[in-house]
Amino acid sequence: MDRTTEALARYATALAYEDLTPTAVHEVKRKLIDAFGCAVGGYESEPSRIARRMAAVRTSTPAARVLGEGTRTTPEMAAFANAVMVRFLDANDTYISPINGTAHPSDMIPGLLALAEAYRASCRELILAVVVAYETVGALADAVALRDRGWDQGLYVVLGTAVGAGKLLGLSFEAMADAIAIAVTANVPTRQSRAGELSMWKGVATPTSTGAGVFAALLASEGMTGPTAAFEGRHGVWDQVTGPFELGPMGGGDGRPFMIERANLKFFPAEYHSQAPLWMALRLRERVKLEEIAQLNVRTYWMAYSEIGSEPAKWDPRTRETADHSLPYLLTPALRDGAITSASFDMERVLDPSIRPLMNRISISESAELTRQFPAALPSEIEVVTTAGERILERSEYPKGHARNPMTDADVEAKFRSFSEPLLGATRCDSALESLWRLDQLMDVGALVDLFIWTSEMSS
């Protein structure tokens, strides 16, 4: 096998639960709470309905359950359907590496949860698998920026999921290497899913990678072998996708944080690079009246500009997915309503002609100075020019939820409740939070899933 495969497989098979720090275990709990809340919030979406219908016609032994209705299906289909729920609101976590490799690592959690339930893994085994999966994504994102080459973050996710799933299955070093090779050879997604006017696929692309990562690990567990030089060999990933790269050190402890501690949470259900501008918009709302805004000028770093503020579709979003990746749109309800919630993306609001005049007074530009500061900081500036000619300036570098400005545990709980209480109710939310905060003390992953099966009770 090549060196990249060997490094990933050796780390994954060697890491033990006892190697984890208390802060890493606590952060796993926070990320699971956040992911479950996002899943409940995304349950009633159309992509989720489609995924649940697909899962319902597949069966296996052992089986895993789809959240909400409890349908038993194959582990890879449960992984896919549940990850679609997590991803839909675009409110789950984000990792931004020092070289601009980005990913939504909690997209992997449903895959690991499904496999843990199907194969009756313990909750501590689930915690360890989550850490291993995040560490894999972090190592890859720190080594290569896929976005710049037109490839999508699903490549990180499929590998992280395969490694975490392999850990749950107890794969040997050799079998783990096969899972990695199968996953990376068969699943290289393009970034077209996030360009121009966005479709449902924007929120389904990485869940597809999650399901594929579970499938790769299951294949390897049955003895399927993969290419021996998937990364570095002829026509491999280095040749075709990334160019050569060198993995850095993996793992935490001895004062070095695990990758899961470096992943950022989102306070608002919107694309990550919009988080700082949205906080600024809320502050500006207290300083200027909406009707007094003659022009609103945003200066930001290249990635934010290119992702959410550079295409014509961002000034006239026609889909929910385009709206949550449109900074002109996102700023408009923030300024008008004083909040960004999942309701901000109801289609009647997205298509409301009365918001277009304000959107058309918003300009977005890239600043070379701010780009140089990224990704160590996420600097953006908003200048409002009023109808009276006054100029009002706001600046932000670390939005709430960033690893350097973290959400508190109370913030994480409040976000979970905001998405979950409409479907789960307050009492079930209390029980779910109590169990998730004690995850390392629980034995049965199935009992954890039980807390998020609710539709049968609602209809009985």
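Residues numbered from 1 in each chain as written. Predicted model: local features only at pLDDT ≥ 70, side-chain atom pairs only at ≥ 80, totals over all residues. Heavy atoms only, no water.

A short note on the overall build of the chain
- Counting secondary structure elements, the chain contains 22 helices and 8 strands.
- Against the 2.2 N^0.38 benchmark of 23 Å for 460 residues, the chain shows a C-alpha radius of gyration of 22 Å, consistent with a compact globule.
- Each principal axis of the C-alpha distribution contributes one length, and for the chain these read about 70 × 55 × 40 Å.
- Every one of the 460 residues in the chain was classed for burial, and the buried ones make up 62%.
- The long-range share in the chain, meaning contacts at least 24 apart out of those at least 6 apart in sequence, stands at 75%.
- Roughly 17100 Å² of accessible area belongs to the chain as shown, and the carbon and sulfur atoms make up 51% of that amount.
- Separation of charge centres in the chain, based on 45 positive and 58 negative side chains, amounts to 3 Å. (Helix = DSSP H or I, 4+ residues; strand = E, 2+ residues; numbered from the N terminus. Rg over C-alpha atoms; globule rule 2.2 N^0.38 Å. Buried < 20%, exposed > 50% of the residue type's maximum accessible area, 1.4 Å probe, protein only. Contact = heavy atoms within 4.5 Å. Areas by Shrake-Rupley, 256 points an atom, 1.4 Å probe, with all protein chains shown as cover. Lys, Arg positive; Asp, Glu negative; His and termini not counted. Charge placed at Lys NZ, Arg CZ, Asp CG, Glu CD.)

Some thoughts on the packing of helix α3 (residues 46-56) against helix α4 (residues 75-88)
- The geometry of α3 relative to α4 is characterised by a closest axis approach of 9 Å and an angle of 175° between their N-to-C directions. In terms of axis orientation, α3 runs roughly antiparallel to α4. Along its contact with α3, which presents P47, S48, A51, R52, M54 and A55, the element α4 presents M77, F80, A81, V84, M85 and F88.
- Taken together, the residues of the contact of α3 with α4 break down into 10 nonpolar, 1 polar and 1 charged. (Axes fitted to C-alpha atoms, helices over the stretch in contact; angles between N-to-C directions. Parallel < 35°, antiparallel > 145°, perpendicular 65-115°, else oblique. Nonpolar A, V, L, I, M, F, W, Y, C, P; charged D, E, K, R; others polar.)

Remarks on unusual backbone geometry
- Omega for the peptide link from T61 to P62 comes to 0°, which places this bond in the cis form.
- Tracing the backbone through its elements, the reader meets P62 in the loop between α3 and β1 (64-65).
- Cis geometry is found at the peptide bond from F374 to P375, where omega equals 5°.
- Not every positive phi belongs to a glycine, and H235 is a case in point at roughly 65°.
- Along the chain, the position of H235 falls in the loop between α9 (205-221) and α10 (237-242).
- We classify H235 as exposed; its relative accessible area is 52%.

Observations regarding the pattern of salt bridges
- Scanning the model with the defined rule gives 35 salt bridges in all.
- A salt bridge links K266 to D90; the nearest nitrogen and oxygen atoms lie 2.5 Å apart. Residue K266 is found in the loop between α11 (259-262) and α12 (275-285), and its partner D90 is found in the loop between α4 and β3 (95-96); the two are separated by 176 residues along the sequence. Take K266 and D90: they sit in the same class, and that class is buried.
- The partner of E394 in a salt bridge is R283, with the nearest N and O atoms 2.9 Å apart. In this pair, E394 is assigned in strand β8 (residues 391-396) and R283 in helix α12, connecting sequence segments 111 residues apart.
- Exposure remark for E394: the relative accessible area of 11% places this residue in the buried category.
- Under the relative-accessibility criterion, R283 is labelled partly exposed at 31%.
- Members of the salt-bridge network, linked through shared partners, are R87, D90, D107, K202, K266, R320 and D324. (Salt bridge = Lys/Arg side-chain N within 4 Å of Asp/Glu carboxyl O.)

Observations concerning the sheet that holds strand β7 (residues 380-386)
- Strand order in the open sheet made by the 4 strands is β6-β5-β7-β8, with mixed pairing throughout. Two strands bound the open sheet, and with one partner strand each, they are β6 (362-366) and β8. Across the sheet, the mean angle separating the axes of adjacent strands is 15° when strand polarity is ignored.
- Relative to β7, strand β5 (residues 293-300) is paired through 6 bridges, and the arrangement is antiparallel. Residue pairing across strands places R299 opposite E381, the latter belonging to β7.
- Relative to the sheet, α12 contacts β7 and β8, its axis offset from that of β8 by approximately 140°. (Pairing = 2+ DSSP bridges.)

Focus: the nonpolar core
- With 122 residues, the main nonpolar core has L20, L32, F36, F231, F416 and F452 as its most contacted residues.
- Sort the elements by how many residues they give to this core and helix α6 (residues 123-143) lands first, with 15 residues.
- If you look at the next biggest cluster of nonpolar residues, it comprises 30 residues, including L296, L327, A334 and M359. (Core = buried A, V, L, I, M, F, W, Y, C linked by side-chain atoms within 4.5 Å.)

As for the packing of aromatic side chains
- One pass over the full model with this rule turns up 11 aromatic pairs.
- Each ring, one from F416 and one from F452, has its centre 6.2 Å from the other, and the planes form 90°; the classification is edge-to-face. Here F416 is found in helix α19 (residues 409-424), whereas its partner F452 is found in the loop between α21 (445-450) and α22 (455-459), with 36 residues between them in sequence.
- Residue F452 is classed as buried on the basis of its relative accessible area of 0%.
- Each member of the aromatic cluster is reached from another via a ring pair, and the members are F36, F416 and F452.
- Across from the ring centre of F173, 4.2 Å away, lies the NZ or CZ of R10, which sits over that ring.
- One residue, R52, lies across the ring of Y43, its end atom 3.9 Å from the ring centre. (Phe/Tyr/Trp six-rings, centres within 6.5 Å; stacked < 30°, edge-to-face > 60°. Lys NZ or Arg CZ within 6 Å of the ring centre and 35° of its normal.)

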